[in-house]
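Structural features, examined
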Amino acid sequence: MPASTPRPHIMALLFDTDFNRPSGTRTFRHLDGRPFTDEEQALADDATLEELQAAGVHVHNPEAGVEAQAATYQMADLLFKYVLPHREALIPFMTHEDMLEYGRLETVIAAGAHLLGPHED
């Protein structure tokens, strides 16, 4: 069975799991508060990333944070490619305070533009 195909017995268990474990324990509990049996805990420990995500569990993934940061810079560069030549089109969408801040930042950037080099991640 491919890893991306959720296993029904594990999915049923995951949907009945309270993932907020008491501190100091590795044992999950059912939604009604019953602790997992050893067999149920083994099944939960065997769940794949895809199964956990399908059950709505947030899985900490440090690589995702690094990827997200790189994507943020890439998206900003892409947006700047279109926004800077057409910045006057943004003004109708800005609050008065944002327009003032935009003008201030634009002045700061213009004053130091000769110092700006290519963006490095």
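For clarity, every value in this text was computed on a predicted model and none was experimentally measured.

**With respect to the overall build of the protein**
Within the protein, the secondary structure is distributed over five helices and two strands. Moving toward the C terminus, one meets the helices and strands of the protein in the order α-β-β-α-α-α-α. Each of the 121 residues in the protein was classed as buried or not, and the buried ones make up 16%. A sequence separation of at least 24 residues applies to 41% of the contacts in the protein between residues at least 6 apart. Here the protein displays about 9,500 Å² of accessible surface, and carbon together with sulfur accounts for 61% of that area.

**What about the packing of aromatic side chains?**
For any pair of aromatic rings, the description consists of the separation of the ring centres together with the inter-plane angle of the planes. All told, the structure shown has two aromatic pairs when counted by the stated rule. Aromatic side chains Phe19 and Phe28 sit 5.0 Å apart centroid to centroid with 70 degrees between the ring planes, which places their arrangement in the edge-to-face category. Looking at Phe19, the relative accessible area reads 25%, which means it is partly exposed. We classify Phe28 as buried; its relative accessible area is 9%. Through successive ring pairs, a cluster of aromatic residues spans Phe19, Phe28 and Phe36.

**Some thoughts on the pattern of salt bridges**
Under the counting rule described, the total for this entry stands at five salt bridges. For Asp46, the salt bridge goes to Arg7, with nearest N and O atoms at 3.0 Å. You can see Asp46 sitting in the loop between α2 (38-45) and α3 (49-54) and its partner Arg7 sitting in the segment before α1 (8-15), a full 39 residues away along the chain. Where Glu101 meets Arg104, a salt bridge forms, and the shortest distance between an N and an O atom there is 2.8 Å. On the criterion of helical spacing, the pair formed by Glu101 and Arg104 is a turn pair, its members being three residues apart in helix α5 (residues 96-112). On the basis of relative accessible area, Glu101 is assigned to the partly exposed category, the value being 34%.

**Focus on the environment of Leu13**
Inspection of the secondary structure puts Leu13 in helix α1. C-alpha separation for the pair Leu13 and Ala47, spaced 34 residues apart in sequence, amounts to 9.9 Å. Filtering out sequence-adjacent residues up to four positions away, Leu13 remains in contact with His30, Phe36, Glu40, Leu43 and Ala44.

**Description of the packing of α1 against α2**
Taken N-terminus to C-terminus, the directions of α1 and α2 make an angle of 105 degrees; their axes are 10 Å apart at the nearest point. Taken together, the axis directions place α1 and α2 in an arrangement best described as roughly perpendicular. Of α2, the residues touching α1 (which contributes His9, Ile10 and Leu13) are Glu40, Leu43 and Ala44. Of the residues contributing to the contact of α1 with α2, the split by class is four nonpolar, one polar and one charged.

Thresholds, definitions, all that
Residues numbered from 1 in each chain as written. Predicted model: local features only at pLDDT ≥ 70, side-chain atom pairs only at ≥ 80, totals over all residues. Heavy atoms only, no water. Helix = DSSP H or I, 4+ residues; strand = E, 2+ residues; numbered from the N terminus. Buried < 20%, exposed > 50% of the residue type's maximum accessible area, 1.4 Å probe, protein only. Contact = heavy atoms within 4.5 Å. Areas by Shrake-Rupley, 256 points an atom, 1.4 Å probe, with all protein chains shown as cover. Phe/Tyr/Trp six-rings, centres within 6.5 Å; stacked < 30°, edge-to-face > 60°. Salt bridge = Lys/Arg side-chain N within 4 Å of Asp/Glu carboxyl O. Axes fitted to C-alpha atoms, helices over the stretch in contact; angles between N-to-C directions. Parallel < 35°, antiparallel > 145°, perpendicular 65-115°, else oblique. Nonpolar A, V, L, I, M, F, W, Y, C, P; charged D, E, K, R; others polar.

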